[in-house]
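Survey of secondary and tertiary structure
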Amino acid sequence: MSESNLNQNTNIQNNSQDSVINKENKQEVKKKDEKRKKSKEIEDEILIVYPDKAKTFKAKIENCIVLILKSVDIINEKDLITRLILECETAKEYYKKTQDVGYLRIILWKMAKHGIIKRARILGDGRRRYYLLPEKLELLKDKVIRAPKE
């Protein structure tokens, strides 16, 4: 009998300890959720286009791309890469050394993927992709339709 009483006492103690641990875990989870909500609210940042102050190669190229897109409403990928090489010193030096535009195109695609710029197609224009700034989308709003992905 004493063993069963002892077992019951340890079970009660274990259960009470488990409930205390569960309460602590729930409190920690609530704190983490609150931090996530606060960080989501703070996530809105201002992006400044300033290629002279950019430190990395990628940052300089991205800044130049945005500057080019500010000067036009919409531009196709080939023309954008050509203008980038002609107008941006960093891209010009890169092209002189490598004679390749692959990395420049990858930077462009990643910018579109992250929503910094928008990628579009013109109806019936096949494989050509066009790029524009999200702000310029308002100017072309009457010409835009949503189409399913192929």
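Everything discussed here concerns the structure shown above.
Below you will find a few notes about this structure.

Criteria and cut-off values
Residues numbered from 1 in each chain as written. Predicted model: local features only at pLDDT ≥ 70, side-chain atom pairs only at ≥ 80, totals over all residues. Heavy atoms only, no water. Helix = DSSP H or I, 4+ residues; strand = E, 2+ residues; numbered from the N terminus. Buried < 20%, exposed > 50% of the residue type's maximum accessible area, 1.4 Å probe, protein only. Contact = heavy atoms within 4.5 Å. Phe/Tyr/Trp six-rings, centres within 6.5 Å; stacked < 30°, edge-to-face > 60°. 1 Å grid on protein atoms, 1.4 Å probe; cavity = no way out; pocket = protein on both sides within 12 Å on 5 of 7 lines; lining within 4 Å. Points joined across faces, edges and corners; volume = space filled by probe spheres on them. Core = buried A, V, L, I, M, F, W, Y, C linked by side-chain atoms within 4.5 Å. Pairing = 2+ DSSP bridges.

Concerning the overall build of the protein chain
Each helix and strand in the protein chain was counted, giving five helices and three strands. When its helices and strands are written in sequence order, the protein chain yields α-α-β-α-α-α-β-β. Relative to its full complement of 150 residues, the protein chain shows a buried share of 23%. Long-range pairs, those at least 24 residues apart, make up 44% of the contacts in the protein chain between residues at least 6 apart in sequence.

Topic: the packing of aromatic side chains
Following the criterion strictly, the structure yields three aromatic pairs and no others. Aromatic side chains Phe57 and Tyr94 sit 5.2 Å apart centroid to centroid with 45° between the ring planes, which places their arrangement in the tilted category. Placement of Phe57 in helix 2 (residues 57-71) and of Tyr94 in helix 4 (residues 89-98) is noted, with a sequence separation of 37 residues between them. Their ring planes at 20° and their centres at 5.8 Å tell us that Phe57 and Tyr103 sit as a pair that is stacked.

Some details on the layout of surface pockets
The calculated volume of the second largest pocket comes to roughly 290 Å³. At five residues, helix 2 tops the list of elements feeding residues into the lining of the second largest pocket.

Regarding the nonpolar core
By size, the foremost hydrophobic cluster in this structure holds 23 residues, and its most contacted members are Ile61, Ile65, Leu69, Leu80, Leu84 and Ile117. Counting residues per element, the ones that place at least two in this core are helix 2, helix 3 (77-87), helix 4 and helix 5 (102-113). Top element by residues in this core is helix 2. It accounts for six residues. Those residues in contact with Leu69 that lie beyond four places of it in its chain are Ile75, Leu80, Ile117, Tyr131, Leu132, Leu133 and Lys136.

Section: the sheet that holds strand 1 (residues 75-76)
Within the open sheet, the three strands sit side by side as 1-3-2. Their pairing is antiparallel. Pairing within the sheet leaves two strands with one partner each, and these edge strands are strand 1 and strand 2 (118-120). Taken together, the two bridges between strand 1 and strand 3 (residues 130-132) define a ladder with antiparallel strand orientation. The residue of strand 3 that forms the bridge with Asn76 is Tyr130.

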